[in-house]
Amino acid sequence: MTVFRDPAEVPAGFGPSVVAIGKFDGVHSGHRAVIDRARVDAAARGARVVAVTFDRNPLSLLRPELCPEPLVALDQKIGLLASAGVDAVLVLRFDEQLAALPARAFVESILVRALGAVGVLVGDDFRFGRGGEGGPGTLVELGGELGFDVDVVTDVRARDAGRRVSSTWVRDLLADGDVAGAARLLGRPHAVEAEVVHGLKRGRELGYPTANLATDAAGFIPADGVYAGWLVDLGMRGGDGTYPASVIRYPAAISVGTNPTFDDVPQRQVEAYVLDETGLDLYGHRVEVRFTARIRGMVAFEGIPALIRQMDDDVVRVREALA
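These figures come from a predicted structure and were not determined experimentally. (Residues numbered from 1 in each chain as written. Predicted model: local features only at pLDDT ≥ 70, side-chain atom pairs only at ≥ 80, totals over all residues. Heavy atoms only, no water.)

**Some words on the nonpolar core**
Moving on, step 1. Counting 53 residues, the largest nonpolar core has Leu-81, Leu-231, Ile-254, Val-270, Val-289 and Phe-291 as its most contacted members.
Moving on, step 2. Counting 29 residues, the second-largest nonpolar core is a separate cluster that includes Phe-14, Val-120, Leu-139 and Leu-142. (Core = buried A, V, L, I, M, F, W, Y, C linked by side-chain atoms within 4.5 Å. Buried < 20%, exposed > 50% of the residue type's maximum accessible area, 1.4 Å probe, protein only.)

**Re the layout of surface pockets**
Moving on, step 1. Its volume calculated, the largest pocket comes out at about 1100 Å³.
Moving on, step 2. Lining the largest pocket are 42 residues; nearest its centre among them are Gly-22, Lys-23, Asp-125, Phe-126 and Arg-127.
Moving on, step 3. Breaking the lining of the largest pocket down by element, the ones donating at least two residues are helix H1 (29-45), helix H2 (59-62), helix H4 (96-99), strand S5 (117-123) and helix H7 (167-175).
Moving on, step 4. Considering the residues around the second largest pocket, the lining is formed by 20 residues, among which Asp-75, Gln-76, Gly-79, Glu-193 and Glu-288 are closest to the centre. (1 Å grid on protein atoms, 1.4 Å probe; cavity = no way out; pocket = protein on both sides within 12 Å on 5 of 7 lines; lining within 4 Å. Points joined across faces, edges and corners; volume = space filled by probe spheres on them. Helix = DSSP H or I, 4+ residues; strand = E, 2+ residues; numbered from the N terminus.)

**A short note on the packing of H7 against helix H8 (residues 179-186)**
Moving on, step 1. Running from N to C, H7 and H8 cross one another at 160°; their axes reach a closest spacing of 8 Å. It follows from the interaxial angle that H7 and H8 lie roughly antiparallel. Considering the relative orientation of H7 and H8, their crossing is left-handed. Here Trp-169, Val-170, Leu-173 and Leu-174 of H7 lie close against H8, whose contacting residues are Val-179, Gly-181, Ala-182, Leu-185 and Leu-186.
Moving on, step 2. The class makeup of the residues in the contact of H7 with H8 is 8 nonpolar, 1 polar and no charged. (Axes fitted to C-alpha atoms, helices over the stretch in contact; angles between N-to-C directions. Parallel < 35°, antiparallel > 145°, perpendicular 65-115°, else oblique. Left-handed = near helix turned anticlockwise from the far one by under 90°. Contact = heavy atoms within 4.5 Å. Nonpolar A, V, L, I, M, F, W, Y, C, P; charged D, E, K, R; others polar.)

**Comments concerning the pattern of salt bridges**
Moving on, step 1. Within the structure shown, the criterion is met by 16 salt bridges.
Moving on, step 2. Arg-104 serves as the salt-bridge partner of Glu-108, at 3.0 Å between the closest nitrogen and oxygen. Highlighted residues: Glu-108 and Arg-104, both in helix H5 (residues 103-114), separated by 4 residues, approximately one helical turn.
Moving on, step 3. One salt bridge connects Asp-314 with Arg-296, and the closest N-O pair in it is separated by 2.8 Å. Here the residue Asp-314 occupies a position in helix H10 (residues 304-322), and Arg-296 occupies one in strand S12 (residues 286-296), the gap between them amounting to 18 residues. Of the two residues, Asp-314 and Arg-296, neither departs from the other in class, the shared state being buried.
Moving on, step 4. One network of salt bridges, in which partners are shared, links Asp-55, Arg-56, Arg-93 and Asp-95. (Salt bridge = Lys/Arg side-chain N within 4 Å of Asp/Glu carboxyl O.)

**Thoughts on the side chain of Arg-171**
Moving on, step 1. You can see Arg-171 is positioned in helix H7.
Moving on, step 2. With a relative accessible area of 10%, Arg-171 lands in the buried category.
Moving on, step 3. Among all residues touching Arg-171, those that are not within four sequence positions of it are Asp-25, Pro-68, Glu-69, Pro-70, Leu-71 and Phe-220.

Structure (structure tokens):
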């Protein structure tokens, strides 16, 4: 998949393309439904599928007090869009200049001149242009004038809940620790990604050595607690800035929180015990931790023996959850 960081990077004659536009935070099942429709349309037209998104949530500039924490970091989002089957991603830097761009100028400069769009897909709540002046109706009018079709995609709803699938809903579930519910909306386990760093090594002393993720982990961290999931070893970054092509996935018991039994961890941290692996050296490796089921909440224990007994039980339950 090709990634453009500016419309000027798109080569001349790049089109025709079918373009899906959105924040794509989390690339959940609703987003993928839009992309799937774009892929079908593009196949019929002999066109490329392009996702146009932003380097940040526009609210971070326009209404920072209302801007939610993102579900995924930008690099995660790009990777998820690649997995969804798009041919190219155009990441627009959302700054004052883009925010002030009139709706017509946005369409002419980005969709028409840069991407050669023959079809555009947006959600029914899509807004664009200076002050949010443009909406789906505006886009339809401009498409009729400038030569592209517009498909306004209605909501994807969860059949059991009857609620619109949205990044907000996924975020709410994760904040409650319901990683299984979030996975149903995402179509995959939610994950965070970071480098493995040295910690207090207390897990090793207790018989459960853990890989401690750096505090700048990419991705929304679920509620404090113990989870079943997977640790995916992405390897160490090479001199060219890339990671090895092959990855290794391990079953893991995952802890999120501040270690209330010892009360000596100032920030929330994510750490993962790889089942049955005591000599694994992951320091300096980039890893992805995937959450599949919540085992329990985070509590303080009266002494180390009680903590170890609970950890023994946690591992048993993690095995059952992953079986």
